[in-house]
Number of protein chains: 2
Amino acid sequence: MATTSTRKALGKDLIRLAGSRAVFTAPEDLYAFQSDATHYFARNIPDAVVLPEDTDAASAVLAYAYEHEIPVTPRGAGSGLSGGCTPVAGGIVLDTKRLNRILGINRGNMTARVQAGVVLEDFHRAVEKQGLFYPPDPQSMSVCTLGGNVATRAGGPRAVKYGTTGNYVLGVEAVLADGSVIQAGSDCVKQSVGYDLTHLFTGSEGTLGLVTRVSVRLLPKPTHRRTALVVCETPDQAAQVVSGIIAAGAVPAMLEYVPQAALSLMNSIIRPPVAAQGEAYLLMELDGTEARVAEEAEILRSMALDLGAEEVRIVEDEREAATYWKARSRLYPMILTMAKKVISEDVTVPRDRIPEFVRAVAEISGRLGILIGLGGHAGDGNMHPTILFTDLSPEMEQKAEAAIEDIVKKGLELGGTISGEHGIGLHKSRFLEWELGRAQLTAMKRIKAALDPKGIMNPGKLWT
Amino acid sequence: MATTSTRKALGKDLIRLAGSRAVFTAPEDLYAFQSDATHYFARNIPDAVVLPEDTDAASAVLAYAYEHEIPVTPRGAGSGLSGGCTPVAGGIVLDTKRLNRILGINRGNMTARVQAGVVLEDFHRAVEKQGLFYPPDPQSMSVCTLGGNVATRAGGPRAVKYGTTGNYVLGVEAVLADGSVIQAGSDCVKQSVGYDLTHLFTGSEGTLGLVTRVSVRLLPKPTHRRTALVVCETPDQAAQVVSGIIAAGAVPAMLEYVPQAALSLMNSIIRPPVAAQGEAYLLMELDGTEARVAEEAEILRSMALDLGAEEVRIVEDEREAATYWKARSRLYPMILTMAKKVISEDVTVPRDRIPEFVRAVAEISGRLGILIGLGGHAGDGNMHPTILFTDLSPEMEQKAEAAIEDIVKKGLELGGTISGEHGIGLHKSRFLEWELGRAQLTAMKRIKAALDPKGIMNPGKLWT
């Protein structure tokens, strides 16, 4: 980190490159850029924050940082859950918030081009106004940016039917560490032209360059949707229902696993509340044409009841249905208010291994004597064990660390992966080699060194 | 290339590493490994061909080749159309044909693991027997391998609804140039764990390593399908029908653009033949549930007739429908028999630019005075202008080169890409920088050097 005088000189240089409106160096302005939503990773304030208004400015700042070997941390909304945009080495935070224009929505080609700082929910609204549909829906969609979604390969509940951000990105414009600009991919839905740098940047967490523009493919907007709740006696039964309906071709747009404790919390919003008589709940949304939704609802009902589910509730009233999804999206904020600190885990297991994973998390929670909530996107196996800190003692921290380690190990043992949609950031770097193995980790580090030989892009992330 | 005596020594060493059954060094055995389906690129026979029976043998051969700096050309079925597996520098051809086991189909998780040499059609049959579905369907599916599909990011007619190989690959096992083995990706449908090496290898054309195993996601098998033919007056009208039905949410599984000349050829197989009274035809297959297929057929019929199409024929009889698709898959072989030499181009344009592209190809064909057939996967904009050589004169070669250059330029001018699904290989390397730009090409070369510092993997491909 810089001294006050070098920080002043840095500010002057950055203003020359990006304009005075784009540069912040006063400590009170920098304070908010210490971390993403994982505030417990905050350590340093950056030396400067730059909000470039176009790719040229971003390129000029990166060329300068490269020359002077100044660390650069790319940032979207800062809503990440892995510490990905924490400026651990100080330097410059390069914030994309002002790259916020939707550059074009092409109905004939069913694609769109947006700048990296466009807020996801704004983009949803814009395409839906044209009868189109962009499925990725991380729960932070009211603030998170398309560029951040690309950086973390973000998912969301609709991934079960529609996949994650990686399934929609067709191309990116990115500024590399040395300031050079590449246009990877295209606006075509089919392309086989050299290495797929588009998907190499997708999920690279700002360590290879700054994504400034994104091209995505769009779908036609489903005309109908319907919410359903399945009340199951046990997690096993819930998992059977999940496998059964998906294998029958009735793939819901969203398929959330909700344990009893979470449903009780959600009941403060669901109207009318649900009698919480089962151990496990499946909350789903079916979408498509009217006929298709009706057909899927029928498959769901008969299959779930055949498998012994206690109740299948198809919510006909739209306002009632909305209370379920509002409750689901408020679940994490509600949990945040209940505990001193919350860590949301993000392990994904093959979807047929969910019951084993649920049992293992219960065992870990019991053995360590700590509270672990467990919801997740059951349809795609992405589970979010959530550790609730009842206090902030070193003992509690140690137990949480132990729980995370056990959860991650169990996920890998079941053929799973240590992160489904949050990314690695700071939070998971110590587990990276467990999943990747030495040879693969070495290959990744070589790619990093090839594209960013001075190591200025988001240092300390993915690995140290 | 090696002398006879060094070739003998090489053979001995390879037998020690991979077993005598796996190694071929006699010229008569090597002859067939000079090229892929683009025989006109054949120059050299390799010094040896190795067909490893497991990953360990492949790893041992690569470690040896790396130590001795011997070029290695990975090969699947050799059905590629870009010269991708042509051993331009001699050395070892590493053929995956014996890595041909389906390792597991997981119904509960809707995924499968296969060795790289599994033939696509065999895999289709195996998953469909279990009520599952693997959409990618290059026309060479009766011979091509999953590993080759990954290497070229292969597509096929069903890409319009279902995407290409890249949309299904979840993970790969690959042997790097130095013999080390990585397990990239996973069997989970969601993952955000470091760089996406799975998709970096997908489309890398054997230049980064040898893919030995592939994990893919599967879909439920559609229960119903129906073939439809739309007879259009002009290519413009056909393009309007394509955009219209896709925007209405009726996305066919296959949507082929067939010009009049091609339909006339196909009529030798279609029973009963079609009266070829339009300039442009759209051949489609709708798939899904019975209700959904009926709904889409209705949308297609009313929209196509509203847009002025001459006729919409929904083929109810399954045997009749099969003759259309048989005719489509035989089209390329039929064209091959008509000409002295055939070059199949593979430009993709945004789908709303197809009419402009069709007009441009007609103009190029007229201006140069050569025959260019033009079919393609209209639904995703992937067009295959096909140059028919009436003789093998240098003048004809020059005209073909000029035509290819003009076609590629036009594709790029329309916002398209120089290859949709065949890859770059030898055939397109001279155009690569036009599409990628200098900075991106440099980035790709750096990645190549990082993972294969001695440049032994498939030298001379993508770029020289």
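Residues numbered from 1 in each chain as written. Chains lettered and ligands numbered in written order. Predicted model: local features only at pLDDT ≥ 70, side-chain atom pairs only at ≥ 80, totals over all residues. Heavy atoms only, no water.

Enquirer: Could you give an account of the relation of the copies chain A and chain B, naming the residues involved and the relevant values?
Expert: Structural alignment of chain A on chain B gives an RMSD of 0.0 Å, achieved by rotating through 180° and translating 0.0 Å along the axis. Taken together, the rotation angle and the small translation identify this as a two-fold axis. With an isologous cut-off of 70% or more, the 100% of interface residues of chain A that recur at the interface of chain B puts this contact in the isologous class. (Least-squares fit on C-alpha atoms with pLDDT ≥ 70 in both. Contact = heavy atoms within 4.5 Å.)

Enquirer: Describe the interface of chain A and chain B, naming the residues involved and giving the relevant values.
Expert: The interface of chain A with chain B comprises 77 residues on the first partner and 77 residues on the second. Interface area for chain A against chain B, summed over the two sides, is near 6,100 Å², with a carbon-plus-sulfur share of 59%. Linking chain A to chain B there are four salt bridges. Glu-421 of chain A is paired through a salt bridge with Lys-190 of chain B; the nearest N and O atoms lie 2.9 Å apart. The interface formed by chain A and chain B holds 30 residue pairs in polar contact (both at pLDDT 80 or more) in total. Only strand 9 (181–185), helix 7 (197–201), helix 8 (235–247), helix 10 (290–306) and helix 14 (432–451) of chain A provide two or more residues apiece to the side of chain A that touches chain B. For the side of chain A that touches chain B, the element with the most residues is helix 14 of chain A, which contributes twelve residues. The residue inventory of the side of chain A that touches chain B, partitioned by class, reads 31 nonpolar, 32 polar and 14 charged. (Buried area = accessible area lost by both parts, 1.4 Å probe. Salt bridge = Lys/Arg side-chain N within 4 Å of Asp/Glu carboxyl O. Polar contact = N/O pair within 3.5 Å; in protein donor to acceptor, adjacent residues only side chain to side chain. Helix = DSSP H or I, 4+ residues; strand = E, 2+ residues; numbered from the N terminus. Nonpolar A, V, L, I, M, F, W, Y, C, P; charged D, E, K, R; others polar.)

Enquirer: Lay out the sheet that holds strand 6 (residues 111–115) of chain B in plain terms, naming residues and giving numbers.
Expert: Think of a sheet as strands paired side by side through backbone hydrogen bonds, with each pair either parallel or antiparallel. Pairing is antiparallel in the open sheet, where five strands are placed in the order 5-6-10-8-9 (chain B). Only two strands of the sheet have a single partner each, and these edge strands are strand 5 (102–106) and strand 9 (181–185) of chain B. Neighbour-to-neighbour, the strand axes of this sheet turn through a mean angle of 15°, independent of strand direction. Examined bridge by bridge, strand 6 of chain B and strand 10 (residues 209–217) of chain B share five bridges and lie antiparallel to one another. Residue Thr-111 of chain B lies in a different strand from strand 10 of chain B, and its bridge partner there is Arg-217 of chain B. Packing against the sheet, helix 14 of chain A makes contact with strand 8 (169–176) and strand 9 of chain B, and its axis sits at approximately 75° to strand 9 of chain B. Across the sheet, helix 4 (residues 120–129) of chain B lies against strand 5, strand 6 and strand 10 of chain B, angled at about 35° from strand 5 of chain B, the strand it touches most. (Pairing = 2+ DSSP bridges. Axes fitted to C-alpha atoms, helices over the stretch in contact; angles between N-to-C directions.)

Enquirer: Go over the packing of aromatic side chains, please, and point to the residues and values.
Expert: If you walk through the whole model with that rule in mind, you get twelve aromatic pairs over all chains. With a centroid separation of 5.2 Å and an interplanar angle of 70°, the aromatic rings of Phe-123 of chain A and Tyr-134 of chain A are classed as edge-to-face. Of this pair, Phe-123 of chain A sits in helix 4 (residues 120–129) while Tyr-134 of chain A sits in the loop between strand 7 (132–133) and helix 5 (146–152), and the two are eleven residues apart along the sequence. Ring centres of Phe-431 of chain B and Trp-434 of chain B lie 5.0 Å apart, and the angle between their planes is 50°; this geometry places the pair in the tilted category. Phe-431 of chain B gets classed as buried once you look at its relative accessible area, which sits at 1%. On the basis of relative accessibility, which here comes to 39%, the residue Trp-434 of chain B falls in the partly exposed class. Among the aromatic residues, ring-to-ring pairing joins Phe-123, Tyr-134 and Tyr-168 of chain A into one connected group. (Phe/Tyr/Trp six-rings, centres within 6.5 Å; stacked < 30°, edge-to-face > 60°. Buried < 20%, exposed > 50% of the residue type's maximum accessible area, 1.4 Å probe, protein only.)

Enquirer: Before we move on, could you go through the pattern of salt bridges and cite the residues and values that matter?
Expert: Summed over all chains, the structure comprises 68 salt bridges over all chains. Linking Asp-380 of chain A and Lys-190 of chain B is a salt bridge whose minimum nitrogen-to-oxygen distance equals 3.4 Å. With Asp-380 of chain A in the loop between strand 18 (371–377) and strand 19 (382–389) and Lys-190 of chain B in the loop between strand 9 and helix 7 (197–201), this pair bridges two chains. Each member of the pair Asp-380 of chain A and Lys-190 of chain B is classed as buried. Between Asp-13 of chain B and Arg-16 of chain B there is a salt bridge, with its nearest N and O atoms 3.6 Å apart. Placement of the pair is Asp-13 of chain B and Arg-16 of chain B together in helix 1 (residues 4–18), with a separation of three residues, close to one helical turn.

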